[in-house]
Protein chains: 2
Amino acid sequence: MVSMAIPSINRPISAVIDTKAFRHNLNRIRELAPESKVWSVIKAKGYGHTLEAALQGLGATDGFALLDIADAQWLRDHDWNGRILLLEGLFHQAELERAVALGCDMVVHSEKQVAWLESYANHAGHSINIFLKLNSGMNRLGFRPEQYRNAFHVLHSAGYRLHHMTHFANADQVDRYPSVGEQVDCFEQAIQGLEAATSLGNSAAILWHRNYLGDWIRPGIMLYGVSPTGVFADIVRSDLQAVMTLNSEIIDIQHLKKGEHVGYGGRFEAPEDMKIGVIACGYADGYPRQASDGTPVWVQSAGGDGGVICPVAGQVSMDMITIDLRGAPQAMIGSKVELWGNEVPVDDVAHMSGTIGYELICALTARVPVAVT
Amino acid sequence: MVSMAIPSINRPISAVIDTKAFRHNLNRIRELAPESKVWSVIKAKGYGHTLEAALQGLGATDGFALLDIADAQWLRDHDWNGRILLLEGLFHQAELERAVALGCDMVVHSEKQVAWLESYANHAGHSINIFLKLNSGMNRLGFRPEQYRNAFHVLHSAGYRLHHMTHFANADQVDRYPSVGEQVDCFEQAIQGLEAATSLGNSAAILWHRNYLGDWIRPGIMLYGVSPTGVFADIVRSDLQAVMTLNSEIIDIQHLKKGEHVGYGGRFEAPEDMKIGVIACGYADGYPRQASDGTPVWVQSAGGDGGVICPVAGQVSMDMITIDLRGAPQAMIGSKVELWGNEVPVDDVAHMSGTIGYELICALTARVPVAVT
């Protein structure tokens, strides 16, 4: 089902979101963590895939985890009656009543949030699910172990239904401090004797640290078929599918003579007479400006049957990418290209650009039309 | 006039667009190039500033230049009766009638576009402004000199009103090939004897190559108060004003002990006991993930009177930035911060992230609310 039509007479770029791949990836997560309930993390508009697509593809989840209360409202307005977790809890006290009205679970990570909830409980007495966040070494959000037990007791006495939660800093790497083991030790010590369900595992832990997942896991990046490490090889045997494909077309072809340069700064110099393809996609669409020469772009064959990889040649500009067409002599104006998706893992584009796939899928810009299939 | 309210109970990030700064920058461009008409370049949704803000702030321009015909439609729907230039012309033949109905001027850069216009002229006879694009060395879009004259003659005979256009690859740099001088020589030779108005100057040329601007200039990045070179020092005396400010708040504070690490990968290690501020802004908002430790963030003083620069400390994550609060001992949860704007040039953030300001302002994501003032 295509729920958003791509205007046929516009600039030819578009993103396609495959809800079948969402379903496949969620099933894979169930196989990997059969004992845990799943918070499907859809912050950042479903990592750039749209809330609409996430709801269509991930409806079998146990709950959705997100940041913006407006996104929780959107889910309720679109008939999601399951659980919703506000991953950073309340940003301001004024959100509290709306969060309760929407039936949201909330993360609590600061004394300020504890105070807001404490005063609210005194005159409302609502029963709300709280995921109390322990800072077990990430040092970003959450209570230090020495503060954690006190926060737990305060909220527990106020009538809230508490869960223990922490977040791994390095579940995707083995040589960084703090390690998963150190964080788990810290967590177990901090929660000792405080009976409550737990939530630990992010994507990297679900893939590589399955002893430490907890009752609720929080997969994010793996739902989208992208590697937690930034390296596609690390998930190539994990049977995950790319959900987003970014497509465009060749809009012009330049015939360069040996020694001529392409684009701003003239970074690419033609080593022989050759053709350059100009693609309608640039950094203002969310393609990384830092992509170096050699970043793969897939160009469909003239007959539409298969295609070949052509390398980026020259600096990515705001609205255009230039590629080396020596491997695709029959490419022409109008040839379809894939910037990332099943033919070109977004991780590979990110790797050639000094970043990780997360950043690219999240940062697709508003001018790129999105089709949900 | 605030035309879009910022929800007060949401995640505290927002962008503010200052239409007075737009007016100021357009006036500066008029001073620098008094002989030229101005195409204000507002592709990529006004470089991320919204079309609404561009129309409010730049209404005194001679015309708007953009890519998407949907954006041209938006301008007409909002009572812009002046000229509009489609900077990459038609992407598909099917756009032609709509472009004509909207009264758009069009760039023509490929033989295919010439063919579409030739066949259209035969049965329609409309008088349309064409900006014929010469590839004078950028090797991205446009006709090579040997093809240019033929394209000119074909369209001229078909009744179109022609203009000469080219684009500089290196107007912001002095040591790259092709130079402005080489491109101008190529241009002058190619158009010799073909009488028509010209369009050359981009922002860098308007600032630093004012002998080669042409009848129509095409300022883009300087309209937004951002440096064409990526280095703020290069425009610090050009009297341009930042149009976009990206604001947020501190949502948590961590008390680190000496030797503790922050965030994914533990990149920042506390050199002494210290406080870390956690800001509601991350790469899924468009802040660059590559920002290195030391990237400046402005933190407002407790009294609201002035503020101080605090450096990024630790890897930028999807929804959060962590900063070193040793210079702002009174900062607290709720303290206002500026990520870029008048206190922190976006060029400086870009420079610390291995990119240029263009990419940051264009890539602000849909989840950031925008207020136009």
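Everything quoted here is computed from the prediction, not taken from an experiment.

Draft legend 1. A look at the overall build of chain A. Across its full length, chain A carries 11 helices and 18 strands. Its C-alpha atoms give chain A principal-axis dimensions of about 75 × 45 × 35 Å. Per-residue burial for chain A yields a buried fraction of 63% across its 373 residues. Excluding contacts between residues fewer than 6 apart, the proportion of contacts in chain A whose partners are at least 24 apart in sequence is 65%. As presented, chain A carries roughly 13,300 Å² of accessible surface, and 48% of it is formed by carbon and sulfur atoms. Between the averaged position of the 29 positive side-chain charges in chain A and that of its 41 negative side-chain charges there is a distance of 1 Å.

Draft legend 2. Fine view of the packing of aromatic side chains. All names here are of chain A. Evaluation of the coordinates by the stated rule reveals 14 aromatic pairs over all chains. Ring centres of Tyr47 and Tyr224 lie 4.5 Å apart, and the angle between their planes is 15°; on these two criteria the pair is classed as stacked. In this pair, Tyr47 is assigned in helix 2 (residues 43–47) and Tyr224 in the loop between strand 9 (216–217) and strand 10 (244–256), connecting sequence segments 177 residues apart. What makes Tyr47 buried here is its relative accessible area of 4%. Of the residues examined, Tyr224 reaches a relative accessible area of 1% and is grouped as buried. Members of the aromatic cluster, each reached through a chain of ring pairs, are Phe22, Tyr47 and Tyr224.

Draft legend 3. Representation of the pattern of salt bridges in the model. Within the structure shown, the criterion is met by 32 salt bridges over all chains. Put simply, Glu146(A) and Lys257(B) hold a salt bridge, and the shortest N to O gap is 3.9 Å. Residue Glu146(A) is located in helix 7 (residues 145–157), and its partner Lys257(B) is located in the loop between strand 10 (244–256) and strand 11 (261–262); the two belong to separate chains. Note that Asp319(A) is salt-bridged to Lys43(B), the shortest N-O span being 2.5 Å. Of this pair, Asp319(A) sits in the loop between strand 15 (307–311) and strand 16 (320–324) while Lys43(B) is found in helix 2 (residues 43–47), placing the two residues in two different chains. The exposure classification of Asp319(A) matches that of Lys43(B), with both residues buried. Because the salt bridges share partners, they merge into one network encompassing Arg11(A), Asp285(A), Asp319(A), Arg367(A) and Lys43(B).

Draft legend 4. Representation of the interface of chain B and chain A within the structure. Counting residues at the interface gives 76 residues for chain B and 75 residues for chain A. A buried area of about 6,600 Å², summed over both sides, lies between chain B and chain A, and 52% of it is on carbon and sulfur atoms. Seen at the junction of chain B and chain A, the total is 6 salt bridges. The shortest N-O distance in the salt bridge between Arg144(A) and Glu260(B) comes to 2.8 Å. Across the chain B-chain A interface, the total number found is 36 residue pairs in polar contact (both at pLDDT 80 or more). When contributions to the side of chain B that touches chain A are tallied by element, the ones reaching two or more residues are helix 2, helix 4 (69–77), strand 10, strand 11, strand 13 (274–280), strand 16 (320–324) and helix 11 (357–362) of chain B. In terms of residues, the side of chain B that touches chain A owes the most to one element, strand 10 of chain B, which gives 6 residues.

Draft legend 5. Fine view of the relation of the copies chain B and chain A. Least-squares fitting of chain B to chain A yields an RMSD of 0.0 Å, with the transformation described by 0.0 Å of translation along the axis and a rotation of 180°. Each copy turns onto its partner about a two-fold axis. A share of 99% of interface residues in chain B that are also interface residues in chain A marks the association as one of identical surfaces.

Draft legend 6. Here's a closer look at the sheet that holds strand 7 (residues 161–166) of chain B. Residue and element names in this part refer to chain B. The 8 strands are arranged 8-7-6-5-4-3-2-9 in an open sheet whose pairing can be described as parallel. Since the sheet does not close on itself, it has two edges, and those belong to strand 8 (197–199) and strand 9 (216–217), each with one partner. Contacting strand 3 (63–66) and strand 4 (83–86), helix 4 crosses the sheet at an angle of about 170° to strand 4. Running at roughly 170° to strand 6 (residues 129–134), helix 7 (residues 145–157) makes contact with strand 5 (105–108), strand 6 and strand 7 of the sheet.

Reading guide: rules and limits
- Residues numbered from 1 in each chain as written.
- Chains lettered and ligands numbered in written order.
- Predicted model: local features only at pLDDT ≥ 70, side-chain atom pairs only at ≥ 80, totals over all residues.
- Heavy atoms only, no water.
- Helix = DSSP H or I, 4+ residues; strand = E, 2+ residues; numbered from the N terminus.
- Buried < 20%, exposed > 50% of the residue type's maximum accessible area, 1.4 Å probe, protein only.
- Contact = heavy atoms within 4.5 Å.
- Areas by Shrake-Rupley, 256 points an atom, 1.4 Å probe, with all protein chains shown as cover.
- Lys, Arg positive; Asp, Glu negative; His and termini not counted.
- Charge placed at Lys NZ, Arg CZ, Asp CG, Glu CD.
- Phe/Tyr/Trp six-rings, centres within 6.5 Å; stacked < 30°, edge-to-face > 60°.
- Salt bridge = Lys/Arg side-chain N within 4 Å of Asp/Glu carboxyl O.
- Buried area = accessible area lost by both parts, 1.4 Å probe.
- Polar contact = N/O pair within 3.5 Å; in protein donor to acceptor, adjacent residues only side chain to side chain.
- Least-squares fit on C-alpha atoms with pLDDT ≥ 70 in both.
- Pairing = 2+ DSSP bridges.
- Axes fitted to C-alpha atoms, helices over the stretch in contact; angles between N-to-C directions.

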